Amino acid sequence: MATMKFKGRHFLTMLDYSREELEYLLELALKMKKGQEKRNLNGKTLAMLFQKSSTRTRMSFEAGMTRLGGHGMFLDMKNTQLGRGETVADTARTMSRYVEGIMARLNDHKDIEEMAKYATVPVINALTDMHHPCQTMADMLTVKEKKGKIAGLKVVYLGDCGFNMFHSTMIGFSKLGADVVGSCPNIESYNPKAPILEAAKKQAVGKITIEHDPKKAVVGADVIYTDVWVSMGQDEEKAKRLSELKNYQVNEALFKLAKPDAIFMHCLPAHRGEEVTAGVIDGKQSVVFDEAENRLWAQNAILLELMGGKE
Ligand code: CP
Ligand code: NVA
C-alpha cells in the first residue's frame, strides 16, 4: 500500500494501473460491499456526463455516490453547451471548478483523453468505443466472488473482439493472471485493435490468444463472456454484423463444451436470440445480475480512492 497513490488520478483504462493497484481496488470493493469501510465522500459531487444511453452505469454511479454521502449530477449532451459546440477542453476546465470528480461516457476514446488532459479533478471512463474499464472491474469482482480467484482461470470472450468490451476484458483479466481467449470472425475489424493488444500483452500475466473457431475456443473455459453484436453507434451495420457474427452465439450446445462449472457473463444489455440464447443467460450458471450489482461496489472503491474519501 505504501507505494500506491490513487488520489487525483484518472481512470481511463486499466493499462494505467498496476496489478497490485487493481487487486487492492477489488479487495476494497469487497470490503465496502460487506459494510466494513468507514471512509466517505460527504459533501462531494461527481459530474456524470453521457453522450450515449445507459441504464446500469447511470444508476450505479448515482446510487453509489448517494451511498458514499455525496451527490451524482447527471448531464447529457443535449442539455449542456457541449451539444452546441463548446469544446471538451473548456467543458472539462469548467466542470473542475464545481465538482470533485467527472465520470464520462463518450463515443470517441480520444475525447475522454482530451477531457482528462484539461480536467483538474479525476476523470473516470464510463465507456468509450475502445474501453469499458468500470465494467471489467465489476466483472473481475464477480469472478473473485464466484470462483475465489482470477489467476489461472480461462476466460473466453465470443463476438466482436475489436471493441470496448473485449479490450477491457483482455487487459484486466490477463493482468490479474487469467488466460484470455477472444473468439471472433477472421475479419480485420472484429480483431482487437493492434496498439491495445500490444499494450495488453506487454502487461499480461496470463496468456492472450485469438481463436477464430468458437468450438475450439470454449473448451475448458471457466468463464464464457459475450456482449451485444451491435454496439451503440453501430446501428447502420446491423444486418451485416448479425450475419457475420452468427456462429459466435453462446447457446446451450456451445456452453456445454466449457467446464461443467463454467459461469456465463454479459455486461448487459443483452439481446436474447442474437449473441446469447435465453436458456443460457437465464440459466443457473449465469451471473449477469451479480455483475450488474457489482458495478456499484467496484466503482465505489474507485470513487473513494480517486476522490479522496475521508472518515
Ligand atoms: N453494462 C453497461 O454499461 O450498461 P449500461 O449501458 O446500461 O450503462
Ligand atoms: N459494446 C457495448 C457495451 C454496452 C455496455 C456498446 O458499446 O454498446
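Structural data are supplied above this passage.
Now for a quick tour of the structure. (Residues numbered from 1 in each chain as written. Chains lettered and ligands numbered in written order. Predicted model: local features only at pLDDT ≥ 70, side-chain atom pairs only at ≥ 80, totals over all residues. Heavy atoms only, no water.)

### Quick look at the sheet that holds strand S4 (residues 123-125)
Point 1. Taken in spatial order, the 4 strands make up an open sheet running S2-S1-S3-S4, and their pairing is parallel. Taken across any chain shown, the strands that pair with only one partner, and hence form the sheet edges, are strand S2 (71-76) and S4. In this sheet, neighbouring strand axes are inclined to one another by 20° on average, regardless of whether the strands run parallel or antiparallel. (Pairing = 2+ DSSP bridges. Helix = DSSP H or I, 4+ residues; strand = E, 2+ residues; numbered from the N terminus. Axes fitted to C-alpha atoms, helices over the stretch in contact; angles between N-to-C directions.)

### As for the pattern of salt bridges
Point 1. Applying the stated criterion across every chain, the model contains 17 salt bridges.
Point 2. Note that Lys 144 is salt-bridged to Glu 27, the shortest N-O span being 3.1 Å. With Lys 144 in helix H5 (residues 133-147) and Glu 27 in helix H1 (residues 19-33), this residue pair connects regions lying 117 residues apart in the sequence.
Point 3. The class for Glu 27 is partly exposed, based on a relative accessible area of 43%. (Salt bridge = Lys/Arg side-chain N within 4 Å of Asp/Glu carboxyl O. Buried < 20%, exposed > 50% of the residue type's maximum accessible area, 1.4 Å probe, protein only.)

### Some words on the sheet that holds strand S8 (residues 223-226)
Point 1. The parallel open sheet is built from 5 strands, whose spatial order is S7-S6-S5-S8-S9. Edge strands, defined here as strands with exactly one partner in the open sheet, are strand S7 (208-210) and strand S9 (263-266). When the angles between neighbouring strand axes are averaged without regard to direction, this sheet yields 20°.
Point 2. Here strand S6 (residues 179-183) pairs with S7 via 3 bridges, running parallel. If you follow Val 181 over to S7, its bridge partner there is Thr 209.

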